[in-house]
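# Topology and contacts: notes
Take a look at the letters that make up each chain.
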There are 2 protein chains.
Amino acid sequence: MLTRKKEFIELSSSLPDIWKMLTDVERDQLRSNARIVHYKKNELIYLEEEEPKDLMCLFKGKVKIFKSGVGGRSQIIRIIRPVQYFGYRAYFAREPYVTAASAFEACTVCLIPMEIFENFLRHNGDLALFFIQLLSVDLGIADQRVVNLTQKHVRGRLAESLLFLKESYGLEEDGATINIYLAREDLANLSNMTTSNAIRTLSNFVNEHIITIDGRKIKIIDEERLHKISRIG
Amino acid sequence: MLTRKKEFIELSSSLPDIWKMLTDVERDQLRSNARIVHYKKNELIYLEEEEPKDLMCLFKGKVKIFKSGVGGRSQIIRIIRPVQYFGYRAYFAREPYVTAASAFEACTVCLIPMEIFENFLRHNGDLALFFIQLLSVDLGIADQRVVNLTQKHVRGRLAESLLFLKESYGLEEDGATINIYLAREDLANLSNMTTSNAIRTLSNFVNEHIITIDGRKIKIIDEERLHKISRIG
DNA sequence: CTAGAACTATGTTCTAAAACACAAATATAA
DNA sequence: TTATATTTGTGTTTTAGAACATAGTTCTAG
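Everything numeric here is computed off the predicted structure, so don't read it as measured data.

## Focus: helix α7 (residues 154-169) of chain A
Residue and element names in this part refer to chain A. With 16 residues, α7 should cover 22 Å at 1.5 Å per step; its first-to-last C-alpha distance of 22 Å lies within 8% of that length. Those residues of α7 lying buried are Gly156, Arg157, Leu158, Ala159, Ser161, Leu162, Leu163, Leu165, Lys166, Ser168 and Tyr169. Positive phi appears at Gly170, one or two residues downstream of α7, with a value of about 75°.

## Some details on the packing of α7 of chain A against helix α10 (residues 223-232) of chain A
Residues and elements named next belong to chain A. Two numbers describe how α7 lies on α10: the axes approach to 7 Å, and their chain directions differ by 130°. Accordingly, the angle class assigned to the pair α7 and α10 is oblique. Here α7 and α10 pass one another in a crossing that is left-handed. Each of Arg155, Gly156, Ala159, Glu160, Leu162, Leu163 and Lys166 in α7 lies in contact with α10, whose residues at this interface are Glu223, Arg225, Leu226, His227, Ile229 and Ser230. In the contact of α7 with α10, the residues fall into five nonpolar, three polar and five charged.

## Concerning the nonpolar core
The biggest cluster of nonpolar side chains holds 62 residues, and the ones touching the most others in it are Leu15 of chain A together with Leu15 of chain B. Filtering out sequence-adjacent residues up to four positions away, Leu15 of chain B remains in contact with Glu10, Leu30, Cys57, Phe59, Tyr85 and Ile112 of chain B.

## Digging into the interface of chain B and chain A
Many authors give the size of an interface as the accessible area that is lost as the parts come together. Each side of the interface is counted separately: chain B has 39 residues, and chain A has 39 residues. Both faces combined, the contact of chain B with chain A buries some 3800 Å², and carbon together with sulfur accounts for 67% of it. On the surface where chain B and chain A come into contact, there are four salt bridges. A salt bridge links Arg78 of chain B to Asp143 of chain A; the shortest N-O distance between them is 2.7 Å. At the boundary of chain B with chain A, the tally comes to 12 residue pairs in polar contact (both at pLDDT 80 or more). Elements with a contribution of two residues or more to the side of chain B that touches chain A: β5 (74-80), α4 (89-92), α5 (114-123) and α6 (125-151) of chain B. Per element, the largest residue contribution to the side of chain B that touches chain A is 20 residues, and it comes from α6 of chain B. Tallied by class, the residues present in the side of chain B that touches chain A amount to 16 nonpolar, 12 polar and 11 charged.

## Here's the deal with the protein's contact with DNA strand C
In the vicinity of DNA strand C there are 14 residues, among which Arg184, Arg200 and Arg216 of chain A together with Val154 and Asn197 of chain B approach most closely. When the atoms of DNA strand C within 4 Å of the protein are sorted by group, sugar and phosphate make up 73%. The contact in question runs from a phosphate oxygen of DNA strand C to an N or O atom on the backbone of Val154 of chain B, over 3.0 Å. Mapped onto the surface near DNA strand C, the elements with two or more residues apiece are α8 (184-191) and α9 (195-207) of chain A together with α9 (195-207) of chain B. Split by residue class, the surface near DNA strand C holds four nonpolar, five polar and five charged.

## So, the packing of aromatic side chains
Enumeration according to the criterion identifies 18 aromatic pairs over all chains in this entry. Between Phe130 of chain A and Phe131 of chain A, the aromatic rings sit 5.6 Å apart at their centres with planes inclined by 80°, giving edge-to-face as the arrangement. Like Phe131 of chain A, Phe130 of chain A is buried. Ring centres of Tyr88 of chain B and Phe131 of chain B lie 5.1 Å apart, and the angle between their planes is 85°; this geometry places the pair in the edge-to-face category. You can see Tyr88 of chain B sitting in the loop between β6 (84-86) and α4 and its partner Phe131 of chain B sitting in helix α6, a full 43 residues away along the chain. We classify Phe131 of chain B as buried; its relative accessible area is 0%. Every member of this aromatic cluster is reached through a ring pair, and the members are Tyr85, Tyr88, Tyr91, Phe92, Phe117, Phe120, Phe130 and Phe131 of chain A. Cation over ring: Lys64 of chain A sits above Phe66 of chain A, and NZ or CZ is 5.0 Å from the ring centre.

Rules used throughout
Residues numbered from 1 in each chain as written. Chains lettered and ligands numbered in written order. Predicted model: local features only at pLDDT ≥ 70, side-chain atom pairs only at ≥ 80, totals over all residues. Heavy atoms only, no water. Helix = DSSP H or I, 4+ residues; strand = E, 2+ residues; numbered from the N terminus. Expected span 1.5 Å × (residues − 1). Buried < 20%, exposed > 50% of the residue type's maximum accessible area, 1.4 Å probe, protein only. Axes fitted to C-alpha atoms, helices over the stretch in contact; angles between N-to-C directions. Parallel < 35°, antiparallel > 145°, perpendicular 65-115°, else oblique. Left-handed = near helix turned anticlockwise from the far one by under 90°. Contact = heavy atoms within 4.5 Å. Nonpolar A, V, L, I, M, F, W, Y, C, P; charged D, E, K, R; others polar. Core = buried A, V, L, I, M, F, W, Y, C linked by side-chain atoms within 4.5 Å. Buried area = accessible area lost by both parts, 1.4 Å probe. Salt bridge = Lys/Arg side-chain N within 4 Å of Asp/Glu carboxyl O. Polar contact = N/O pair within 3.5 Å; in protein donor to acceptor, adjacent residues only side chain to side chain. Near = heavy atom within 4 Å. Phe/Tyr/Trp six-rings, centres within 6.5 Å; stacked < 30°, edge-to-face > 60°. Lys NZ or Arg CZ within 6 Å of the ring centre and 35° of its normal.

So, in structure tokens, the structure goes:
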């Protein structure tokens, strides 16, 4: 009972965006249907081809949304940080997932059954417009990404990814180290290149005093250079 | 007056998807605020950086949505056919257009002021869910496109584009010729390759008896091969 | 704590596709 | 119509980045 109560409290304070748009009735319904699930590092959250059932909200941790392409080669499509919603696109498009999601690190996720949520949307204009906005922003990012990934060269793509990771997950206390622990392979999949190329280009950046690396920890030394490299492609 | 009346008739029959979801009041409001605009072949409909003002619905013609990338290189992001909606994403994302739109051929477009339409959405759950679905489908296509454009080789990308054009605009009376008149450059920009490569690969397809070309008219001879080439990348 | 697996690093080779160059064919405008 | 611009076609050169090979290093599961 105590645990259950704890989850109630989490819900109201952890869904800041949508909670304030809901009516009391909707809030009750949400309380009694939302589930909190924990995922271990590298655990899969959902798979390609699966049926979407829940709107997911990341309370804690870091998630990657990815897709396997030609010859099973994986491409990271987007990354999720707290508090962001994910996993709902496929449901609204009335299709199975075309992506998969997995936890970069231990995660806490709130699952809300889509049927219930769709009903909220149908009767709550503010909530509907909020999700229209989320989808619109993501679609704009996807459009931009098509151009960046296809037209920029390896250096530009990697520089962009590093800046993107910094924007998404922020920096550690030193004000320079990117606050995520990523394998070179993930960095490569995010930047559309081979792992070798990610490693090599990272080394080049170190030699050019743009970053320093300590294992998987990446410290940004010259952010302006990174921006420039990203811009010129 | 007669012309004006004609436009009223067009509206109710030309917006099949949304018209049936609207209340009488909304319909009246739509009638008095929607405008019909004609665009000449190759005319620009909106530009990157511009402020989005209207929801657009293509009644007649063909439209390309494109984006200029590194070094001004253009990338076609999506193509629009009658009756599809476009131009609304940026407004909902509360940002200027990140793409531009132009007419492949002479077009008739219906413009609906976004402020009015947003109000409809806020009070009409079905309409809101309809647009949530449109955005969700487009976002799924964009995600798929990232993988296709970055991982497939030139042949696979061109094959995919030809099939995509066939799906979008259909075939002429002969049941084989793709019903669109595209410059090689546009075909290249759609497939993320140089014009030279589009021309060369098209020639290869002709030699392999997969298609025939007569100027800009492309006839599909062996669709199964195209599917196969697209699939294996 | 240890063994095996996974990750990181770097050098070498190979290839797809871009860049370039030019000619021929079409389209567009004066 | 003729002249000019644009588009199409093809051969050649160059290069970015993939593929491969191999070794050292770091995880991690039992």
